[in-house]
Amino acid sequence: MPRPMAPSGFVKPTLDTRFHIDYEWWERSSHDLALYMVGHLCAEHKEQFATNPPEEAQIDWIDPQTGQVLRVDPLRYTLLTHCCHQPDFISGRTSLVDSVFRALLAAGNRPMTPVELAERTGRPAETILRTLSGEEVYRGLRPFIEDT
Amino acid sequence: MSPRATQSKQYWVEEFQVQQSDLDYLYSVLLEQETPLTADEMALVLMRHRVEQESQAPARRGGSDQYQPTGTYQVGDELSFPSVGYARGKVIEIRPGDNPYYGSYMVLRVSFASGKVLEFASGLAPEHVEWTEQLVEEEESTYLSPEELFIEYGGEVADAIERELEQHDDLVRLAGRWFPRSLLANINSGHLNLAEAILDMHGGGPMTTREIMEQVGMLGGVNERLAEFSLNYGMQGDSRFDEVGPAGQVLWFLARMEPEGVQHPPVRLAYEPIPSDPELLTSDLRLLEAEIGDEHSNLPAARTGQPQAVTVTLIYPHRRSGTLPLSPLLRSMFPTAYQSPRVRFTIVDAEGGQEYPAWVVRPEGYVYGLGDLFDRYDVPVGSYVTIQRTPDPGRVLINLHLHKPRKEWVRSARVENNRLRFENVQRPVGTDYDDLMVIDVPDPDAIDMLWRRLSERGIPLEQIMVDVMRELSASSPQGHVHAKTLYSAINLIRRSPPGPIFARLVALPQFGHVGGAYWRLSDREAVP
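These figures come from a predicted structure and were not determined experimentally. (Residues numbered from 1 in each chain as written. Chains lettered and ligands numbered in written order. Predicted model: local features only at pLDDT ≥ 70, side-chain atom pairs only at ≥ 80, totals over all residues.)

Asker: Requested: an account of the overall build of chain A, with residues and values cited.
Answerer: Broken down by element type, chain A carries seven helices and four strands. Taken across its 148 residues, chain A has 26% of its residues classed as buried. Sequence separation of at least 24 residues holds for 64% of the intrachain contacts in chain A that already meet a minimum separation of 6. (Helix = DSSP H or I, 4+ residues; strand = E, 2+ residues; numbered from the N terminus. Buried ≥ 20, exposed ≤ 12 C-beta atoms within 10 Å, placed from the backbone. Contact = placed C-beta atoms within 7 Å.)

The following block contains the structure:
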């Protein structure tokens, strides 16, 4: 079967377009990913990391749904294995961009459509689409270009 | 979890291509069923097959080549990965796991065709895995069935199949059905001679293939549909037979017993194309040309679907030939056969209920068989004729807008000293007509003689226009002539669609525009 066509960067995203956290965008940008990640920790771990700064070494994290292994730092590992499972990880008080970021973080950055993200964040899919389709890229949230 | 590819529009519409394996499968279905299939039927068969193939693929069944986090693998193993759209990847390296939380496990480095390298766990304890076959089963119930997919995308798939099959000489198509040539029942000259004799005994036809088969008892022991298809195919390739059925219906007629006016266009319909520049026509004249609907006008195909009724205004060549022009609008509503240039159908007189056999002759663009009806009601040139559809595609109603005949003043054409003359006369008229196009023709033979003489002498259209316009001007106080009147009058003695006439009205100095669709001769030309 022919491979699915990769969405073009020039094609306007739709409700069927999948988005992900583009970590390369973070590397290129002047923003501090680690600092931003700390903001998503639960209160318990936020305090723990404040008193004991995390090690630099990376560790395996295994996506329980796909078996894919990601090499992550301890901070991200904690987010994936503990904080994102807390009931208030995504709540009405979380901003839309942060909610989407957290939803993707919790899913191991598995690309999702605005409709799927709406189910996880409780925000309207159209609003998510409008926010992520603008000229400005928020927190590295970008359309996913399939290349596998 | 990635959805199945066959569930997507992208799969069926944007990327669908008929593969050799698809053709092999369709061929086997045709062989097994011994029944010719339409492209739509094949599309459904193929869509069922592809959906079933995908659902039973090793990746779906959890077969040996689908990656499982709990499985163990070697360098060099090739696996499919559900999380990346079931893409196949090759294990290029294996390292020990680096997280005591998961216990003892290994990490596979997997290379994909795109060049991307991802890592996947192997030998993982089941408690660390949420991905199970159960999840796949849950999704199963949400999938569209092949029949639902066919409703959504079957048209595109059928088109793709049809395009592909047209490239294959070993498949034949008849009346929209396909079958392998090599599997057809053998139709020999004896069968065809018998078919000819049967049709001859029945006045040439029309007869269905089954009726012919029943009469001669041929092809016993062969699947009935295959026998019918094979005989159709044999007859299609023999010029003695003409397939004349309307859409979806195969009817046979003996070509030599078709009416003369169907085998050869009536002489008064003959048209030698006249060069003209359509760009010269004003928008009003273009509208007029479309309204007239001459079969030789280069009008765009009707886009209104199949209309319920179409009204045309008779011009002399059609009145004389007992025909109607197959204008784009009329073409769209008449019975259409799949590939037949001639279609036999029945016209029903909306007034009297009588039925008349009639023919659509597509290549030359006319409907034949209305002569008796026109004569019966003494229909004048310029009359309105309305054709209405019926639920039966092989029958149409014809409405001549009849009323009790009453004496009316109409333009009458006669030949005097080899010239066409017009005068207003009172005559009984029993139909509704277009005031601008109505012409009484008391002596059609004289008109036809003049037509023949002008044709033989090759008199140019411009000259005929000036002569006819001069005669028409005489019966109008201001000498103004409507473009439609000129078109109707010229067609008494020269077959021409409106385009060349209208273009000359605009372009030539002999004619002057006086407003609307009215024209007059310039002062110099007006002098007889």
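Asker: Lay out the nonpolar core with the relevant residues and their values.
Answerer: Core analysis: the largest hydrophobic core is formed by 79 residues, its most contacted members being Trp252(B), Val468(B), Ala483(B), Leu486(B), Ile490(B) and Leu492(B). Ranked by the residues each element gives to this core, the list is headed by helix H17 (residues 483-493) of chain B, at seven residues. Excluding anything up to four places from it in sequence, Val468(B) contacts Leu420(B), Leu486(B), Ala489(B) and Ile490(B). In this structure, Leu104(A), Leu132(A), Ala87(B) and Phe120(B) belong to the second largest nonpolar core, which totals 35 residues. (Core = buried A, V, L, I, M, F, W, Y, C linked by C-beta atoms within 7 Å.)

Asker: How would you explain the interface of chain A and chain B if you had to name every residue and give the values?
Answerer: Each partner contributes residues to the interface: chain A has 14 residues there, and chain B has 26 residues. When contributions to the side of chain A that touches chain B are tallied by element, the ones reaching two or more residues are strand S2 (59-62) and strand S3 (68-72) of chain A. Here S3(A) pairs with strand S5 (residues 117-122) of chain B via two bridges, running antiparallel. Residue Gln68(A) lies in a different strand from S5(B), and its bridge partner there is Phe120(B). (Pairing = 2+ DSSP bridges.)

Asker: Outline the sheet that holds strand S6 (residues 171-174) of chain B, supporting the account with residue identities and numerical values.
Answerer: Residues and elements named next belong to chain B. Judged by pairing direction, the sheet is antiparallel, and its three strands sit side by side in the order S1-S7-S6 without closing on themselves. Since the sheet does not close on itself, it has two edges, and those belong to strand S1 (37-38) and S6, each with one partner. In this sheet, strand S7 (residues 177-180) lies alongside S1 in antiparallel orientation, the contact comprising two bridges. Each bridged residue has a counterpart across the sheet, and for Thr38 the counterpart in S7 is Arg177.

Asker: Outline the pairing of S2(A), supporting the account with residue identities and numerical values.
Answerer: Residues and elements named next belong to chain A. Bridge analysis of S2 against S3 gives four bridges, and the strand direction is antiparallel. From the neighbouring strand, Ile62 faces S3, where its bridge partner is Val69. Between S2 and S3, which pair antiparallel in sequence order, lie five residues; one of them, Gly67, sits at a positive phi of approximately 80°.

Asker: Could you give me a rundown of the packing of helix H7 (residues 189-201) of chain B against helix H9 (residues 224-236) of chain B, with the residues and numbers involved?
Answerer: All names here are of chain B. Put simply, H7 and H9 touch, their axes get as near as 10 Å, and they point 85° apart. In terms of orientation, H7 lies roughly perpendicular with respect to H9. Contacts from His191, Leu192 and Ala195 of H7 reach H9 at Leu231, Gly234 and Met235. Here the residues of the contact of H7 with H9 sort into four nonpolar, two polar and no charged. (Axes fitted to C-alpha atoms, helices over the stretch in contact; angles between N-to-C directions. Parallel < 35°, antiparallel > 145°, perpendicular 65-115°, else oblique. Nonpolar A, V, L, I, M, F, W, Y, C, P; charged D, E, K, R; others polar.)

Asker: Could you give me a rundown of the sheet that holds strand S21 (residues 511-515) of chain B, with the residues and numbers involved?
Answerer: All names here are of chain B. Spatially, the three strands line up as an open sheet ordered S20-S22-S21, and their pairing is antiparallel. Unpaired on one side and paired on the other, strand S20 (481-482) and S21 mark the two borders of the sheet. Judged from the two bridges that link them, S20 and strand S22 (residues 518-521) form a sheet pairing that is antiparallel. Bridging across to S22, Val481 finds its partner in Trp519.

Asker: With reference to specific residues and values, describe unusual backbone geometry.
Answerer: Residue and element names in this part refer to chain B. With an omega of 0°, the peptide bond running from Gly205 to Pro206 counts as cis. Here Pro206 is to be found in the loop between H7 and strand S8 (207-208). Of note in this structure, His401 is not a glycine but carries a positive phi near 55°. Structurally, the position occupied by His401 is in the loop between strand S17 (395-399) and strand S18 (402-416). Of note in the backbone geometry, Asn418 takes a positive phi value of approximately 60° without being a glycine. Assignment of secondary structure puts Asn418 in the loop between S18 and strand S19 (419-431).

Asker: Break down the pairing of strand S4 (residues 106-112) of chain B for me, with residues and values.
Answerer: Here is the key point about a regular strand: its side chains alternate between the two faces of the sheet. Residues and elements named next belong to chain B. Inspection of the sheet shows strand S3 (residues 87-96) paired to S4 by seven bridges, in the antiparallel sense. Within S4, the position partnered with Glu93 by the bridge is Arg109. Bridging between S4 and S5 involves six bridges; their strand directions are antiparallel. Bridging from a neighbouring strand, Leu108 pairs with Phe120 of S5. Counting the residues that bridge the hairpin from S4 to S5 gives four residues, and of these Gly115 lies at a positive phi of roughly 100°.

Asker: How would you summarise helix H2 (residues 20-33) of chain B if you had to cite specific residues and measurements?
Answerer: Residue and element names in this part refer to chain B. Along its 14 residues, H2 runs 20 Å from first to last C-alpha, staying within 8% of the 20 Å computed at 1.5 Å per residue. The set of residues buried in H2 consists of Asp22, Leu26 and Leu30. Summarising the axial view, the buried residues of H2 lie within an arc of 75°, below the 170-degree limit, and thus occupy one face. In H2, the exposed residues that point more than 90 degrees away from the buried face are Gln20, Ser21, Asp24, Ser28, Leu31 and Glu32. At the C-terminal side of H2, Glu34 shows a positive phi close to 50°. (Expected span 1.5 Å × (residues − 1). Arc of directions from axis to C-beta.)

Asker: Any details on the packing of H7(B) against helix H8 (residues 209-216) of chain B? Residues and values, ideally.
Answerer: Residues and elements named next belong to chain B. Two elements in contact, H7 and H8, have axes separated by 10 Å at closest approach and are oriented at 105°. Judged on the interaxial angle alone, H8 and H7 are roughly perpendicular. Of the residues in H8, those touching H7 at Leu194, Ala195 and Ile198 are Ile212, Gln215 and Val216. Residues belonging to the contact of H7 with H8 are distributed by class as follows: five nonpolar, one polar and no charged.

It is worth stressing that arrangement in space is one thing and function is another; only the former is reported here.
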